[in-house]
Amino acid sequence: MEQDRNPQTVWKALDEAAKETPDGRMYIFQNEVVSFKDVDDISDRIASGLLKMGFRKGDRIGIIAYNQPEWLYTYYAAAKIGAVLVALNVRYRDTELNYMLNQSETRAVVSLAASADFDYVSFFESFRPEIPTVNDFIFIGDNVPSDSIDFKSLMETPVDYEALDRAKRDV
């Protein structure tokens, strides 16, 4: 008898793929193969880190990143805890970010620390007063300021399976 393959949530689809083909290739990034299990495990750690920071179902998390692993990890982590991901274009600047972040009442921003032509850390240091709902800044890259969170630290968060399972059940 064939198993029902109709997961009701995005995170459940990843969970099933990670169990059925843990070493199966989910994607390739810069010639590195990343498996379903890798994405599931890393997004569990990030989800646990977000839960420890107090994030709950319905909280909004903005993300400014290229098509890169951190974007995908954040997407699945948010899905696992019921947070809403607010996708922001890397080309957005003050006008667009002001509107998008305030309209969506985004609580946190996951952002590149810098791109080839823009320093997001410096930008957000001066832009914080314009976006009062954003309490947490999580930067991907180097030179993360001490009053912000380094994305790498979220990736290293030990998984709190009890809290994560509770959050998943509420999604």
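Below: a short report on this structure. The model shown is predicted, which means the values in this text are computed figures rather than measured ones.

Helix and strand counts for the protein stand at 7 helices and 9 strands. By the compact-globule yardstick of 16 Å for 171 residues, the protein fits well, its C-alpha radius of gyration being 16 Å. Once the C-alpha set of the protein is aligned to its principal axes, its extents read approximately 60 × 35 × 25 Å. Among the 171 residues that make up the protein, the fraction classed as buried is 46%. Summarising the internal contacts of the protein: among those between residues at least 6 apart in sequence, 68% fall at separations of at least 24. Here the protein has roughly 9,400 Å² of accessible surface; of this, 46% comes from carbon and sulfur atoms.

A few words on the packing of helix H2 (residues 36–52) against helix H7 (residues 161–170). Where H2 contacts H7, the axes come no closer than 10 Å and their chain directions differ by 90°. When the axis of H2 is compared with that of H7, the two are roughly perpendicular. Between H2, through Asp44, Ala47, Ser48 and Leu51, and H7, the contact on the second element is made entirely by Ala163, Leu164, Ala167 and Lys168. The class makeup of the residues in the contact of H2 with H7 is 5 nonpolar, 1 polar and 2 charged.

Within the structure shown, the criterion is met by 11 salt bridges. A salt bridge links Lys80 to Asp40; the nearest nitrogen and oxygen atoms lie 2.7 Å apart. Note that Lys80 is positioned in helix H3 (residues 69–81) and Asp40 in helix H2, a separation of 40 residues in sequence. Sharing partners across several salt bridges, the network here consists of Asp40, Asp44, Lys80 and Lys168.

Reading the values: the criteria
Residues numbered from 1 in each chain as written. Predicted model: local features only at pLDDT ≥ 70, side-chain atom pairs only at ≥ 80, totals over all residues. Heavy atoms only, no water. Helix = DSSP H or I, 4+ residues; strand = E, 2+ residues; numbered from the N terminus. Rg over C-alpha atoms; globule rule 2.2 N^0.38 Å. Buried < 20%, exposed > 50% of the residue type's maximum accessible area, 1.4 Å probe, protein only. Contact = heavy atoms within 4.5 Å. Areas by Shrake-Rupley, 256 points an atom, 1.4 Å probe, with all protein chains shown as cover. Axes fitted to C-alpha atoms, helices over the stretch in contact; angles between N-to-C directions. Parallel < 35°, antiparallel > 145°, perpendicular 65-115°, else oblique. Nonpolar A, V, L, I, M, F, W, Y, C, P; charged D, E, K, R; others polar. Salt bridge = Lys/Arg side-chain N within 4 Å of Asp/Glu carboxyl O.

From the geometry alone we can't say anything about function, so treat these as descriptive.
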